[in-house]
Amino acid sequence: MNVPTGILPAVRKMKDFDKALETNQDSIVILESRLAQLKSLVAYAKRANKQVLVHFDLIQGLKSDEYGMEFLIREVKPDGVLSTRGNIIQLAKKQKLLAIQRMFLLDSLALDQNLKLISRFQPDCIEVLPGLMPSVIHQIYEQTKLPVIAGGLITTKEEVQAAFDAGAIAVSTSKTSLWNK
């Protein structure tokens, strides 16, 4: 179970899936998909030697409970999941999948609530959205000592570099022009 580093191509549209496979990145994130096509997407990506992370909350037809996680593990076989839900993080860790807690930071209350969730569920990694807040990226790392991925609204190489400079180990982006180093 490797925590991803560098740029993480985040596939939102199927037309970008092949582009993600052609990058020199080791991992890809499948943000949105239907349950019926997820298994073949993951298998195809693994044939391209990619670590596959699935955004559990955005898969249409996948219920966020123990049975949904069981199906994902037995049938789809991703390397890890991203979720905003603590129960999904807990289930992923129980099943030895890479568990990335996604946190949306709207204000200081959201930050406090997310830090409590992180303390309770102990994900392997945290994805901070929006990723345009270097001081908050640094603060979250200092408080949790967990690897931080910056994601959301990152559209330029300068923003990618600012996230790395703040201590992010990876940047998740659907901006295809940023996918290759």
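The sections below set out a description of the structure shown in this document. Everything numeric in this text was worked out from a predicted model, so none of it was measured.

1. Brief notes about the sheet that holds strand E4 (residues 51–55)
Okay, step 1: The eight strands lie next to each other as E1-E2-E4-E6-E7-E8-E9-E10, forming a closed barrel whose pairing is parallel. Here the average twist between neighbouring strands, direction ignored, is 25 degrees.
Okay, step 2: Taken strand by strand, helix H6 (residues 134–144) contacts strand E7 (98–104), strand E8 (125–129) and strand E9 (148–151), and its axis lies near 155 degrees from that of E9.

2. So, the pattern of salt bridges
Okay, step 1: On inspection of all chains with the given rule, the structure shows 10 salt bridges.
Okay, step 2: Across the pair Arg-12 and Glu-32 runs a salt bridge whose closest N-O atoms are separated by 2.9 Å. Taken together, the residues Arg-12 in the loop between strand E1 (6–11) and helix H1 (17–22) and Glu-32 in the loop between strand E2 (27–30) and strand E3 (33–34) connect sequence positions 20 residues apart.
Okay, step 3: Where Lys-145 meets Glu-142, a salt bridge forms, and the shortest distance between an N and an O atom there is 3.1 Å.

3. With respect to the layout of surface pockets
Okay, step 1: There is about 260 Å³ of room inside the largest pocket.
Okay, step 2: Arg-12, Gly-151, Gly-152, Leu-153 and Ser-174 are, among the 17 residues lining the largest pocket, the residues nearest its centre.
Okay, step 3: Of the residues that constitute the lining of the largest pocket, the class distribution is seven nonpolar, six polar and four charged.

4. Some points on the environment of Ser-64
Okay, step 1: Mapped onto the elements, Ser-64 comes out in the loop between strand E5 (59–60) and helix H3 (66–76).
Okay, step 2: For Ser-64, a relative accessible area of 24% puts it in the partly exposed group.
Okay, step 3: When the C-alpha atoms of Ser-64 and Ser-83 are compared, they prove to be 9.6 Å apart, with 19 residues separating the residues in sequence.
Okay, step 4: For Ser-64, the contacting residues outside a window of four places in its chain are Phe-56, Arg-85, Asn-87 and Ile-88.
Okay, step 5: In terms of polar contacts, Ser-64 uses its side chain to reach the side chain of Arg-85, at 3.3 Å.

5. Regarding the pairing of E9
Okay, step 1: Of the two faces of E9, both are covered, the one formed by Val-148 and Ala-150 as well as the one formed by Ile-149 and Gly-151.
Okay, step 2: A crossover links E8 with its parallel partner E9, the connecting element being H6, and its sense is right-handed.
Okay, step 3: As defined by bridge partners, E9 adjoins strand E10 (residues 170–173) across three bridges and the pair is classed as parallel. From the neighbouring strand, Ile-149 faces E10, where its bridge partner is Ala-170.
Okay, step 4: Each parallel crossover has a hand, and for E9 linked through helix H7 (residues 157–165) to E10 it is right-handed.

6. Notes on the environment of Phe-17
Okay, step 1: For Phe-17, the position within the fold is in helix H1.
Okay, step 2: Those residues in contact with Phe-17 that sit more than four places away from it in its chain are Val-11, Ile-28, Ile-30, Leu-41, Tyr-44 and Ala-45.

Cut-offs used in this document
- Every chain is numbered on its own, with residues counted from 1 as its sequence reads.
- Reporting of local features is limited, given that this is a predicted model, to residues whose pLDDT is at least 70; pairs of side-chain atoms are given and counted only at 80 or more, and all residues count toward the totals for whole chains, interfaces and linings.
- Values shown for side chains rest on all heavy atoms present in the structure; no hydrogens or waters enter the calculation.
- Paired strands are those between which DSSP finds at least two bridges.
- Numbering goes from the N terminus for both helices and strands, where a helix is a DSSP run of H or I of at least four residues and a strand is a run of E of at least two.
- Helix axes are fitted to C-alpha atoms over the stretch in contact, other axes to C-alpha atoms as well, and angles between N-to-C directions run from 0 to 180 degrees.
- Any pair of residues with heavy atoms lying within 4.5 Å of one another is described as a contacting pair.
- Salt bridges are counted wherever a side-chain nitrogen of Lys or Arg sits within 4 Å of a carboxyl oxygen of Asp or Glu.
- Only protein atoms enter the 1 Å grid, on which a cavity is a set of points fitting a 1.4 Å probe that cannot get out and a pocket is an open set with protein on both sides within 12 Å along at least 5 of 7 lines, lining residues being those with an atom within 4 Å of a point.
- Grid points are joined across faces, edges and corners, and a volume is the space filled by probe spheres set on the points.
- Residues are grouped as follows: nonpolar covers Ala, Val, Leu, Ile, Met, Phe, Trp, Tyr, Cys and Pro; charged covers Asp, Glu, Lys and Arg; every other residue, Gly included, is treated as polar.
- Relative accessibility decides the category of a residue: with a 1.4 Å probe and only protein chains considered, values under 20% of the type maximum give buried, values over 50% give exposed, and everything between is partly exposed.
- Counting of polar contacts relies on pairs of N or O atoms within 3.5 Å, with two restrictions inside protein: one atom must be capable of donating a hydrogen and the other of accepting it, and residues adjacent in sequence are counted only when both atoms are side-chain atoms.
- Whether a crossover is right-handed depends on one test, that the path from the first strand over the helix to the second runs clockwise when the strands point away from the viewer.

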